[in-house]
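Architecture at a glance
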Amino acid sequence: MDSQGRFTRYEAKFVNNSERFLLKVKQYKRQYAHIYASRLWTMRANLLEAANSRWGKSIKCRKLSELLTDERCVLIGTLFKHMTLKPSILKEIGEEHNLIPQPVRDKYIDETDQLILEDELQRIVLTGNVDAQVEVTGVVVAVLGQEQSSNPGRFNVEEMISQAVAPQLDYPVIDKDKYIVFLSGLSIGNSSTNMLQLQLLVDLITGQLGDEHSQEQMAKVVRVVIAGNSLSHLTKDKEQANRAKYLSKKITPGTKDALMQLDDVLLQLCSCVEVDLMPGEFDPTTFMMPQQPLHHCMFPQASQFESLHCVTNPFDFSIDGVNVLGSSGQPVHDICKFSKLDDYLTILEKTLTVGHMAPTAPDTLGCYPYADKDPMLLSHCPHIFFTANAPRFGKKIYKGANKQTVLLLTIPKFSETFTCAIVNLRNLDCYPIVISGTCV
């Protein structure tokens, strides 16, 4: 606090590590087979090392084309989940021709679902010690077992493993408390969204609300991350693409007023603190992962401040040496739909242990057709790993076999829970901030 009773906001060194998510050349004519081949090729060496460590080098690792009947061996490949209820393009065609469409479901799993293992050349059905209900398409694994002569064309699995969690940089020494605030799902543009709670949160972060102790704490906030779905899904007009232009000349887009409101919120925040704005499922940017940054022209007021940073989804950055990685929630939500897993923290931990942020992309989650790389592979282990737009706040400390320590964090939808998350960079202590109409 200075002589006039004002608190000075702390600062922190920031590095944006999301360069790999930016699309410099856009080429949409490729097939998706390339991204699966690149994923398998990149992860094969780590999986072979994990298999040798787990089962010993005496057990041979074979490709599917080399598989011998009744030989106990290891296979490395990509899981494909054959799902009876999986949505398909036939649904859209059915709607166009007034046929009965497939019902919308929260879960697309069925007891008849099968797991299939694929490598570069062939595929085989997996049986035995596997649970198709908790696995999803796109995960690269190693399996121990054999193809029995009594059951040809099927590989009886004894055990299935993923690669070891990627190495992690040593945690930096930070000598004083510094905080990051995470929030998501503002859903501006929804008539049922109460802007009072959002304004109270903005006033709290900017130091215009709360007692002296609260203001002192908020002065230690060095960054605010808004992780997707800042606009409501109601701002998207699904019929606009099929409407004649002369019928839409006098129609005001639903996003216009919502963007103006969001711009006002960002203006208040950016005048006091660094803000990272990630796109989400309902925001006006690219649909496919990785989503590209929102354009600054949408925010004429806030973009005048250098403290506004429109970033990608996923978002990878380091702050004072603490590595932070996360998404606006689409990868975790997609896994939730296509498996029996419901807890977002459990799914987030699963993506960490299998070494991929979004394994279901591009099968059931839109993804850019990369040719020679898969940028969502976890080549390093973050210190903070988050997913946004979750039903509720959640946190967990994951301890890896090689002394990795990761804060797993689920950031709830603010429009429904009026809750955001605040993380202390000094010790990874994390707690929710809940805003009500009368008090904090």
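Now for a description of the structure that goes with this document. Sequence positions are assigned chain by chain, starting from 1 and proceeding in written order. With pLDDT at 70 or above as the cut-off, local features in this predicted model cover only qualifying residues; side-chain atom pairs require 80 or more to be listed or tallied, and sums for whole chains, interfaces and linings still use all residues. Side-chain calculation: all heavy atoms of the structure are included, whereas hydrogens and water are not.

**Concerning the environment of Gly-321**
- Numbered from the N terminus, helices here are DSSP runs of H or I no shorter than four residues, and strands are runs of E no shorter than two. As for its placement among the helices and strands, Gly-321 is situated in the loop between strand S12 (315–319) and strand S13 (322–327).
- Through-space distance from the C-alpha of Gly-321 to that of His-383 is 9.6 Å; in sequence the pair is 62 residues apart.

**Examining helix H7 (residues 344–354)**
- Taking burial as the measure, the eleven residues of H7 include nine buried ones, the bulk of the element.
- Exposure classes here rest on a 1.4 Å probe applied to the protein chains alone. A residue is buried below 20% of its type maximum, exposed above 50%, and partly exposed in between. For H7, every residue scored as buried is listed here: Tyr-344, Leu-345, Ile-347, Leu-348, Glu-349, Lys-350, Thr-351, Leu-352 and Val-354.
- Any two residues whose heavy atoms approach within 4.5 Å at even a single point are treated as in contact. The secondary structure elements touched by the buried residues of H7 are helix H1 (33–55), helix H6 (330–337), strand S14 (384–390), strand S15 (394–399) and strand S16 (405–412).
- Looking at the residues trailing H7, positive phi occurs at Gly-355, about 85°.

**Topic: the sheet that holds strand S11 (residues 308–310)**
- Note on pairing: two strands pair once DSSP finds at least 2 bridges between them. As summarised here, the arrangement of the six strands in space is S11-S10-S9-S8-S17-S18, forming an open sheet in which the pairing is mixed. Of all the strands in the sheet, just S11 and strand S18 (430–434) have a single pairing partner and so form its edges. For this sheet, the mean angle separating the axes of adjacent strands, direction not counted, is 20°.
- Bridge count between strand S10 (residues 274–278) and S11: three bridges; the pairing is parallel. Looking at S11, one finds that Leu-277 is bridged to Cys-310. Between the N-to-C directions of two axes lies an angle of 0 to 180 degrees, each axis being a line fitted to C-alpha atoms and, for a helix, fitted only over the stretch in contact.

**A word on H6**
- For H6, the buried fraction is high: six of the eight residues fall into the buried class.
- Buried residues along H6 sit in contact with S13, H7 and S14.

**A few points about the state of the cysteines**
- Criterion for a disulfide: a pair of cysteine sulfur atoms at a distance within 2.5 Å. Taken as a whole and judged by the stated rule, the model has zero disulfides.
- Cys-310 provides the cysteine sulfur closest to Cys-270, a residue in no disulfide bond, and the two sulfurs are 8.6 Å apart.
- By relative accessible area, Cys-270 is classed as buried at 3%.

**As for the pattern of salt bridges**
- In the sections that follow, a salt bridge refers to a side-chain nitrogen of Lys or Arg positioned within 4 Å of a carboxyl oxygen of Asp or Glu. Counted under the stated rule, the structure contains 16 salt bridges.
- For Asp-342, the salt bridge identified is with Lys-107, shortest N-O distance 2.8 Å. Taken together, the residues span a long stretch of sequence, with Asp-342 in the loop between H6 and H7 and Lys-107 in the loop between helix H2 (89–96) and strand S4 (114–118) at a distance of 235 residues.
- Accessibility expressed as a relative area gives 22% for Lys-107, which makes it partly exposed.
- The partner of Arg-426 in a salt bridge is Asp-177, with the nearest N and O atoms 2.5 Å apart. One end of the pair, Arg-426, is in the loop between strand S17 (419–424) and S18; the other, Asp-177, is in the loop between strand S7 (154–161) and strand S8 (179–183), and 249 residues separate them in sequence.

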